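# An overview of the molecular structure
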Amino acid sequence: MVLLLALTSAPDAEQVLPALSLLPHSIRRHPSDAGSLLALPEADVLLVDGRTDLLGAKSACRLLQTAGTDAPLLLVVTEGGLSAVSAEWAFDDVILSTAGPAEVDARIRLVLSRTQDAEPARVQASGITIDEQSYSAKLHGKPLDLTYKEFQLLHFLATHPSRVFTREQLLSDVWGYDYFGGTRTVDVHVRRLRAKLGDADQIIGTVRNVGYRFNLYDEDHRAQE
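Residues numbered from 1 in each chain as written. Predicted model: local features only at pLDDT ≥ 70, side-chain atom pairs only at ≥ 80, totals over all residues. Heavy atoms only, no water.

### Some details on the overall build of the protein
When you go through the protein residue by residue, the secondary structure sums to seven helices and 12 strands. Computed over the C-alpha atoms, the radius of gyration of the protein is 18 Å, within 12% of the 17 Å expected from 2.2 N^0.38 for a compact globule of 225 residues. Each principal axis of the C-alpha distribution contributes one length, and for the protein these read about 55 × 35 × 30 Å. Among the 225 residues that make up the protein, the fraction classed as buried is 43%. In the protein, once contacts between residues fewer than 6 apart in sequence are set aside, the share between residues at least 24 apart is 52%. (Helix = DSSP H or I, 4+ residues; strand = E, 2+ residues; numbered from the N terminus. Rg over C-alpha atoms; globule rule 2.2 N^0.38 Å. Buried < 20%, exposed > 50% of the residue type's maximum accessible area, 1.4 Å probe, protein only. Contact = heavy atoms within 4.5 Å.)

Rendered as structure tokens:
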């Protein structure tokens, strides 16, 4: 059983993630104002409620990071709020408030296992440096201003270099099996990601009539076969 602390203004902690009522984990409520965040009781995972106040949730995540809390932060948002989430918020994972019990349980288990690693994982390829711990990415040492989903897409492709993924595979692996949007979502995010990569946009390659891949480049900036 995992001890969860819901940082929320809602009167009932289980309102943050209703599926928790079907799981054996213990959950308590704690106020989300700045003063209360500096005096947290013990917990295994902190649920940051961003369903109705994204700005407040962002501030809470950053404050908790600055304070140096040991418990991982699981940000809870609505479908509409997901597009506004950025890797700069400094949370460990994000989940929709409507997620089912199986997904909630898996997210809790995974966020605990990731944050228990002694060393933060990094991915380095083709001039890209990705820090999984801080959800940040750099191109030749310069920070990239990515949304959370753009970060996830870049991270997924970079951890599978040269492998071609169809749009359907990317929807399943990056957006999740329960995402109901069409494959055009992938094209839109790839286009935005390339725009932010600037002159290095060829790192995300297109394989005609198939999908996308992360291209590896040598020191002479030529794609490796």
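### A few points about the sheet that holds strand β2 (residues 26-30)
Here five strands make up an open sheet; going across it, the order is β2-β1-β3-β4-β5 and the pairing parallel. The open sheet has two free edges, formed respectively by β2 and β5 (93-96), since each of these has just one partner strand. Taking the axes of each pair of neighbouring strands and ignoring which way they run, one obtains an average angle of 25° across the sheet. Helix-sheet contacts for helix α2 (residues 54-67) involve β1 (3-7), β3 (45-49) and β4 (73-77), and the interaxial angle to β3 is about 150°. (Pairing = 2+ DSSP bridges. Axes fitted to C-alpha atoms, helices over the stretch in contact; angles between N-to-C directions.)

### Digging into the environment of V2
By secondary structure assignment, the location of V2 is in the segment before β1. Contacts of V2, omitting those with residues within four sequence positions, involve H25, S26, D44, V45, I108 and L112.

### A word on the packing of aromatic side chains
Considering all chains together, one arrives at five aromatic pairs under this definition. Ring geometry for Y135 against Y148: centres 5.6 Å apart, planes inclined by 35°, an arrangement best described as tilted. Of this pair, Y135 sits in the loop between β7 (128-131) and β8 (136-139) while Y148 sits in helix α5 (residues 148-158), and the two are 13 residues apart along the sequence. Comparing Y135 with Y148, the two get one shared label, buried. An aromatic cluster is defined as three or more aromatic residues linked by ring pairs; in this entry it consists of F91, Y135, Y148 and F151. (Phe/Tyr/Trp six-rings, centres within 6.5 Å; stacked < 30°, edge-to-face > 60°.)

### Brief notes about the packing of helix α6 (residues 167-175) against helix α7 (residues 184-197)
Across the interface, α6 lies against α7 with an axial gap of 9 Å and an inter-helix angle of 80°. Of the possible angle classes, the one that applies to α6 and α7 is roughly perpendicular. Of the residues in α7, those in contact with R167, L170, L171 and W175 of α6 are T185, V186, D187 and H189. Counted by class, the contact of α6 with α7 contains four nonpolar, two polar and two charged residues. (Parallel < 35°, antiparallel > 145°, perpendicular 65-115°, else oblique. Nonpolar A, V, L, I, M, F, W, Y, C, P; charged D, E, K, R; others polar.)

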